[in-house]
Amino acid sequence: MSRLVIMTVGMTHSGKTTFAKALENRLENAVVVDQDNHSEFLQTHYEKLVPEGGTNHIKHALTKLIVDYAVHHSDCHLILSNANRNQASRKELLSYYKKHDFTSVLVHFELPLTLLKERIATTNRDTLRLRTACSYDEVLARQNKETGMEAFAPIAGEADYLFTVKKEEDVSAIMEAISKLT
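Residues numbered from 1 in each chain as written. Predicted model: local features only at pLDDT ≥ 70, side-chain atom pairs only at ≥ 80, totals over all residues. Heavy atoms only, no water.

**Overview of the sheet that holds strand S1 (residues 3–10)**
- If you walk across this open sheet you meet the five strands as S2-S3-S1-S4-S5, and the pairing is parallel. The open sheet has two free edges, formed respectively by strand S2 (30–33) and strand S5 (161–165), since each of these has just one partner strand. Here the strands of the sheet are splayed against their neighbours by 20° on average, with no regard to which way each runs.
- Strand direction decides the pairing type here: S2 and strand S3 (residues 77–80), joined by four bridges, are parallel. Looking at S3, one finds that Ala30 is bridged to His77.
- Against the sheet, helix H7 (residues 170–179) engages S1, strand S4 (102–109) and S5, with an angle of about 165° to S5. (Pairing = 2+ DSSP bridges. Helix = DSSP H or I, 4+ residues; strand = E, 2+ residues; numbered from the N terminus. Axes fitted to C-alpha atoms, helices over the stretch in contact; angles between N-to-C directions. Contact = heavy atoms within 4.5 Å.)

**Re the packing of aromatic side chains**
- With the rule as written, the count across this model stands at four aromatic pairs.
- Geometrically, the ring pair formed by Tyr96 and Tyr97 is edge-to-face, given 5.2 Å between the ring centres and 80° between the ring planes.
- Taking the relative accessible area as the measure of exposure, Tyr96 reaches 21% and is therefore partly exposed.
- When its relative accessible area of 1% is taken as the criterion, Tyr97 is described as buried.
- Ring-pair connections join several aromatic residues into one group, and the members of that group are Tyr96, Tyr97 and Phe102. (Phe/Tyr/Trp six-rings, centres within 6.5 Å; stacked < 30°, edge-to-face > 60°. Buried < 20%, exposed > 50% of the residue type's maximum accessible area, 1.4 Å probe, protein only.)

**So, the side chain of His13**
- When you line up the elements, His13 lands in the loop between S1 and helix H1 (16–26).
- With near-sequence residues (within four places) excluded, His13 lies in contact with Leu116, Arg119, Ile120, Thr123, Arg125 and Tyr136.

**Looking at the pattern of salt bridges**
- Applying the stated rule across the entire model yields six salt bridges.
- Between Glu176 and Arg26 there is a salt bridge; the shortest N-O distance is 2.2 Å. In this pair, Glu176 is assigned in helix H7 and Arg26 in helix H1, connecting sequence segments 150 residues apart.
- The exposure class assigned to Arg26 is partly exposed, which follows from its relative accessible area of 38%.
- The residue Lys180 makes a salt bridge to Glu176 at a minimum N-O spacing of 4.0 Å.
- Overall, the relative accessible area of 63% leaves Lys180 in the exposed class.
- Linked through salt bridges whose partners overlap, the residues forming this network are Arg26, Glu176 and Lys180. (Salt bridge = Lys/Arg side-chain N within 4 Å of Asp/Glu carboxyl O.)

In structure tokens, the structure reads:
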């Protein structure tokens, strides 16, 4: 059986983490790799090593270590719960998994901006994971602005399977479809 790598794509508060955790519970032998957790860990335990600006190399190195370990020393399906909004970066990551015989799945969260703003207004999510922004409103505004400037939305053929969440009700059918791939 081929292992799956499921990569979530979307703006802040679009449901990527909630989806990933629910899918992890639904799939047998799956693990979520979430850079937000890595950010919080580093901010809590290694604050002096976290750069104030620019690329967070230590976070990326930690994620790479965890991913490489999972790929080479486990038989787990991987669920990558990050924004993954840059098409070139996704292509590079998906190429890595293809070389290791994973079947790739992209789940694009394309929910209305008004819904994301509502979720941010009522969130209890800690801002500790934020390094270059003061609030999730700021993150959303930046991501929304970037969307118009670069290619962020996944396209057909980018992965073996592409699913798009346009409304909250799409989630259960997409989870069912992914479950059938295992």
